[in-house]
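The residues making up each chain are set out below.
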Amino acid sequence: QVQLVESGGGLVQPGGSLRLSCAASGFTFSSYRMSWYRQAPGRERELVAEITSGDSNTNYVDSVKGRFTISRDNAKNTVYLQMNNLKPEDTAVYYCHAAAYMTYWGKGTLVTVSS
């Protein structure tokens, strides 16, 4: 059974940091491109960051460049999103996504940036 389980969300003040984790199971994690998406209230889901399989190349949406870092640990079947200098506009539900032969989604974890 395929599972993507996100964790690490919560409430943080502007300028703070969080690290999201996504634990994967049920598929060959190392062969999949892994991504983090987010969806804010009333807005469409958007790609935040992605990391390829194999060479682990990364790509980020412009609004998070220099603040967020995506990484993966293939031995632990886990992908991470380190988020620094968080802003209120980063408030959203963050979803883990896996893509290769099939695509899979996690259920999301809520990140709220507020003072």
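Rules of the game
- Residues numbered from 1 in each chain as written.
- Predicted model: local features only at pLDDT ≥ 70, side-chain atom pairs only at ≥ 80, totals over all residues.
- Heavy atoms only, no water.
- Helix = DSSP H or I, 4+ residues; strand = E, 2+ residues; numbered from the N terminus.
- Buried < 20%, exposed > 50% of the residue type's maximum accessible area, 1.4 Å probe, protein only.
- Contact = heavy atoms within 4.5 Å.
- Salt bridge = Lys/Arg side-chain N within 4 Å of Asp/Glu carboxyl O.
- Core = buried A, V, L, I, M, F, W, Y, C linked by side-chain atoms within 4.5 Å.

> In this structure, what is going on with the environment of Val64? I would like to understand it.
In this structure, Val64 sits in the loop between strand S6 (58-60) and strand S7 (68-73). Relative accessible area serves as the criterion here: at 0%, Val64 is assigned to the buried category. Distance in space between the C-alpha atoms of Val64 and Gln39 is 14 Å, their sequence separation being 25 residues. Sequence-distant contacts of Val64, defined by excluding residues within four places in its chain, comprise Arg38 and Val48.

> Even after reading the chapter, I still don't get the pattern of salt bridges, so can you show me in this structure?
Two side chains carrying opposite charge are able to pair once their charged atoms lie near each other. Enumeration according to the criterion identifies 5 salt bridges in this entry. Across the pair Arg38 and Glu46 runs a salt bridge whose closest N-O atoms are separated by 2.7 Å. Its relative accessible area of 6% is what places Arg38 among the buried residues. For the salt bridge of Asp90 with Arg38, the shortest nitrogen-to-oxygen distance reads 3.0 Å.

> Looking at this structure, I do not really get the nonpolar core. What am I missing?
Most often, soluble globular proteins have nonpolar side chains that are buried together. Core analysis: the biggest nonpolar cluster contains 30 residues, and Leu4, Met34, Trp36, Val79, Leu81, Met83 and Tyr94 have the highest contact counts within it. Sorting the residues of this core by element identifies strand S3 (18-25), strand S4 (33-39), strand S5 (46-51), S7, strand S8 (78-83), strand S9 (92-99) and strand S11 (109-113) as the ones contributing at least two each. If we skip the residues at most four places from it in the chain, Val79 touches Leu20, Ser21, Cys22, Phe29, Met34, Trp36, Ile51, Ile70, Ser71, Arg72 and Cys96.

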